[in-house]
Amino acid sequence: MATATLESFLERLHAINMIGLWELYPIYAQLPRHGRLESPPPMWRWRDVHPLLLESGDIAIDSRRDSTINARGGVERRNLVMMPQGAPVGAATVTMSCGVQYIKPGETAPAHRHDPAAIRFIIEGSGAYTSVEGEKLYMEPGDLILTPRWTWHEHGNDGHEPVIWMDGLDSPFVMNYLHADFWEPYPGGYLPVSHPVGYTRRRVGAGLVRPVGKIRERALPILYPWSEVYPELLHQKESGENLDAFDGINLEYVNPVTGAGPTLPTLSCRMQLLPAGFESQCHRHTSSFIYRVFRGRGWSEVGGHRVEWEAGDCFLVPSWIWHRHAASAGEDAILFAMSDQALLDPFDLYHEEAAPDSAS
Ligand SMILES: [Fe+2]
Ligand SMILES: [Fe+2]
């Protein structure tokens, strides 16, 4: 049998939906694994986002996913989603989505549940709540609230001022990669209140003891109050014992069910404090980060680009991109961070390295 030419061989190979592994190597080589970014990393400045978010409150938006609900006139979700150019649908990073949600006094967003898990980081206002499985979790700025996967949840505002929070979900991972997303509305639209405020906090034991053997869930609707996180940040700053060269004071929100991180099986959350004038060293890791500046101002270098930021701004650190952070002189900077490290750790896929010249 005469030897076929490579060209005709590939033609027949491709016709049956196969490819030579060697053909993939140049494609793999194009993947961003070199530590630098061609263009500045995506970021969203609060001075751009905030006015649009407020404006969205005055515009009639039919955001209903299911027109049989909303009997009480609620808005399904008034949520503006960050989607960089070229990103997969609804994705801020390859695995995480991020948006900002706005709810006015008296409004309710009807209940639903879905496979993607969510976190809420509260930005401004108080009096609103997320009800998860019938337990109302009332929001204050700086609080973090978990909505584990497949839990019924709705939002409402019992207060007298609008409330804004950041939503973070693992939906790109669950929907775009795993195709494992189910979504359904709550029959009748709204959850009955079935647990008192503080119910889950009591269940997990707000400290060193808890009822024996009663918790089966891997994740619960936990509220991490800013009023407890902030004093710990300050304590850590004053003690100076845990000032990390790459991240400053770096607190992880731990899962109180397991007693360790991450916050949710698919999402890790942290609160970082960069002392005034602090400049971190440079590193990279295979986890991606979404940063939201909670207080202060400063700058980061991400993939060779300098990004100036101030309170309210949101910026991304993609996987395996060199980066470092700095706080301006005169004021500490506090950054809320969510990452997909929770997805990498169980499979030993987390890599991290310091830059050879870690100040570059
Ligand atoms: Fe939801
Ligand atoms: Fe980092």
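The coordinates are above.
Residues numbered from 1 in each chain as written. Chains lettered and ligands numbered in written order. Predicted model: local features only at pLDDT ≥ 70, side-chain atom pairs only at ≥ 80, totals over all residues. Heavy atoms only, no water.

## Points about the packing of aromatic side chains
The tally for this structure, following the rule as stated, stands at eleven aromatic pairs. For the pair F121 and F294, a centre-to-centre distance of 5.3 Å together with 75° between the ring planes defines the contact as edge-to-face. Of this pair, F121 sits in strand β5 (residues 118–124) while F294 sits in strand β17 (residues 289–295); the two residues are 173 residues apart in sequence, bridging distant segments of the chain. Of the two residues examined, F121 and F294, each falls in the buried class. Between W226 and F294 the ring centres are 4.9 Å apart and the planes differ by 75°, which places this aromatic pair in the edge-to-face class. With W226 in helix α6 (residues 226–239) and F294 in strand β17, the pair connects residues that are 68 residues apart, well separated along the chain. In this structure, W226 and F294 share a single accessibility class: buried. A network of ring pairs unites the aromatic residues F121, Y224, W226, Y230, Y253, F294 and F336 as a single cluster. Here the basic side chain of K136 rests over the ring of Y129, its NZ or CZ set 4.3 Å away from the ring centre. (Phe/Tyr/Trp six-rings, centres within 6.5 Å; stacked < 30°, edge-to-face > 60°. Helix = DSSP H or I, 4+ residues; strand = E, 2+ residues; numbered from the N terminus. Buried < 20%, exposed > 50% of the residue type's maximum accessible area, 1.4 Å probe, protein only. Lys NZ or Arg CZ within 6 Å of the ring centre and 35° of its normal.)

## Side note on the coordination of the iron ion (ligand 1)
Distances from the iron ion (ligand 1) to its protein donors, H112 (NE2), H114 (NE2) and H153 (NE2), fall at 2.1 to 2.2 Å. As a motif over one chain, the donors of the iron ion (ligand 1) read H-x1-H-x38-H. A residue pair is termed long-range when its members are at least 10 positions apart, and H114 in strand β4 (residues 108–114) and H153 in strand β9 (residues 153–157) qualify at 39 residues. (Donors = N, O, S within 2.8 Å, 3.2 Å for Na, K, Ca; no water.)

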